[in-house]
Amino acid sequence: MLTLLLRLPFLPIEGVVWLAELIEDEAEREFHDPAAVRRELEAAAEARAAGAISDAELAEIERQATARLVGQPVGHAWRR
């Protein structure tokens, strides 16, 4: 009973932390979802076909999407 009284002021903080962790987990799941990656690649291919993006931009989108699927950090490729 005493422990609950001592923890009582921190319960709202613990709730916010729990909610933030839950949101982070869901965002990670969605970010690495193969269906979402496929939709992104399809949209990029359509944009390339319409001339909205260049071949280089399409290649970068494809590289980043592939990296998301295999769990690699997504960043800009080093250019020499």
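1. Observations regarding helix H3 (residues 34-49)
So, step 1. Counted at 1.5 Å a residue, the expected span for H3 with its 16 residues is 22 Å, and the 22 Å between its end C-alpha atoms agrees.
So, step 2. Within H3 the residues assigned to the buried category are Ala-36, Val-37 and Ala-44. All buried residues of H3 fall inside an arc of 100° around its axis, so they share one side. Opposite its buried face, H3 presents the exposed residues Pro-34, Glu-46 and Ala-49, each directed more than 90 degrees away.
So, step 3. Among the structural elements, helix H2 (11-31) and helix H4 (55-70) are those in contact with the buried residues of H3.
So, step 4. Directly beyond the C-terminal end of H3, a positive phi value near 80° is found at Gly-51.

2. Section: a nonpolar patch on the surface
So, step 1. Taken together, the side chains of Met-1, Leu-2, Leu-4, Leu-5, Leu-6, Leu-8 and Leu-11 make up a nonpolar region of the molecular surface, amounting to roughly 780 Å² of accessible area.
So, step 2. A total of 4 residues in the nonpolar patch trace back to one element, the largest contributor, which is helix H1 (residues 2-7).
So, step 3. Residue position: Leu-6 is located in helix H1.
So, step 4. The class for Leu-6 is exposed, based on a relative accessible area of 57%.

Parameters at a glance
Residues numbered from 1 in each chain as written. Predicted model: local features only at pLDDT ≥ 70, side-chain atom pairs only at ≥ 80, totals over all residues. Heavy atoms only, no water. Helix = DSSP H or I, 4+ residues; strand = E, 2+ residues; numbered from the N terminus. Expected span 1.5 Å × (residues − 1). Buried < 20%, exposed > 50% of the residue type's maximum accessible area, 1.4 Å probe, protein only. Arc of directions from axis to C-beta. Contact = heavy atoms within 4.5 Å. Patch = residues over 30% accessible without salt bridge, like charges linked within 9 Å, V, L, I, M, F, W, Y side chains within 5 Å. Areas by Shrake-Rupley, 256 points an atom, 1.4 Å probe, with all protein chains shown as cover. Salt bridge = Lys/Arg side-chain N within 4 Å of Asp/Glu carboxyl O.

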